[in-house]
Amino acid sequence: MGFGNDFLTIRMSYIDELFSADPNELDRIEGLLKTANLQYEIKEELYRELKGVIDQERAEELLQYLYNNQVDPISGGLNYSQSDIKNKLNKELWVH
């Protein structure tokens, strides 16, 4: 009987690996989450989600969401470069 359970466990693990996001993307998500301009409760919920299995589609959604919720270095009074200024202007010109 133990063989069946071991077999299923190995197969389920394999399926999780097939559909789960790339570990590098998970690291990027975690990095963006640290600097995201989000309420504490939302950040905590996303950290809890990261502890589970996230598929590729969800990883892409999270990356886009977190990228869109980053603190703007110019408006935030942080250090910024000419590239930051250029990116901000391009973003604002395309939005309007």
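Engineer: A description of a nonpolar patch on the surface should follow, citing residues and the corresponding values.
Structural biologist: Taken together, the side chains of Y80, I85, L89 and L93 make up a nonpolar region of the molecular surface, amounting to roughly 410 Å² of accessible area. Turning to its location among the elements, I85 is positioned in helix α5 (residues 82-95). Judged by its relative accessible area of 35%, I85 falls in the partly exposed class.

Engineer: Pulling in residues and values, what's your account of the confidence of the model for the protein chain?
Structural biologist: Scored by pLDDT, the protein chain comes out at a mean of 80, with 78% of its residues at no less than 70. When mean pLDDT is taken per element in the protein chain, helix α3 (residues 40-50) scores highest with 94 and helix α1 (residues 2-19) scores lowest with 61.

Engineer: Please give an account of helix α4 (residues 56-68) that cites residues and values.
Structural biologist: With 13 residues, α4 extends 18 Å between its outermost C-alpha atoms, agreeing within 8% with the 18 Å of an ideal straight helix rising 1.5 Å per residue. Along α4, the positions that sit buried rather than exposed are A59, L62, L63 and L66. In an axial view of α4, the angular spread of the buried residues amounts to 100°, which keeps them on one side of the axis. Each element contacted by the buried residues of α4 is listed here: α2 (23-35) and α3.

Engineer: Explain the nonpolar core to me, and be specific about the residues and the numbers.
Structural biologist: Of all hydrophobic cores here, the largest spans 13 residues; its most connected members are I29, L33, L38, L46 and L66. Those elements that place two or more of their residues in this core are α2, α3 and α4. Leave out the neighbours within four places in its chain, and L33 touches L38, K43, L46, Y47, L50 and L66.

Engineer: Mind laying out the pattern of salt bridges, listing which residues take part and the relevant values?
Structural biologist: Tallying each qualifying case throughout the model produces two salt bridges. Of the charged contacts, one joins E49 and R58 as a salt bridge, the two residues approaching to 2.6 Å between their closest N and O atoms. You can call R58 partly exposed: its relative accessible area is 27%. Several salt bridges converge on common partners, so that one network encompasses E49, R58 and E61.

What counts, and at which threshold
Sequence order as written defines the numbering, with residues in each chain counted from 1. Per-residue local features are limited, in this predicted model, to residues with pLDDT of at least 70; the limit for side-chain atom pairs, both in listing and counting, is 80 or more; totals at the level of whole chains, interfaces and linings are taken over all residues. In computing side-chain values, all of the structure's heavy atoms are included and hydrogens and water are not. Patch membership needs two things, relative accessible area over 30% and no salt bridge, and members are linked within 9 Å if like-charged or within 5 Å if nonpolar (Val, Leu, Ile, Met, Phe, Trp, Tyr). Each accessible area is a Shrake-Rupley estimate made with a 1.4 Å probe; only the visible protein chains count as cover when residues are assessed. By salt bridge we mean one thing: a side-chain nitrogen of Lys or Arg within 4 Å of a carboxyl oxygen of Asp or Glu. Secondary structure elements are taken from DSSP: a helix is a run of H or I of four residues or more, a strand is a run of E of two residues or more, and numbering for both begins at the N terminus. Whether a residue is buried, partly exposed or exposed follows from its accessible area with a 1.4 Å probe, protein chains only, as a fraction of its type maximum: under 20%, in between, or over 50%, in that order. Looking at any residue, its pLDDT shows the predictor's confidence there, from 0 to 100. Helix span, as expected, comes to 1.5 Å for every residue beyond the first. Taking the helix axis as origin, the arc is that swept by the directions to the C-beta atoms. The contact criterion used is simple: two residues touch if any of their non-hydrogen atoms lie within 4.5 Å. Among buried residues, the Ala, Val, Leu, Ile, Met, Phe, Trp, Tyr and Cys ones that are joined through side-chain atoms within 4.5 Å form a nonpolar core.

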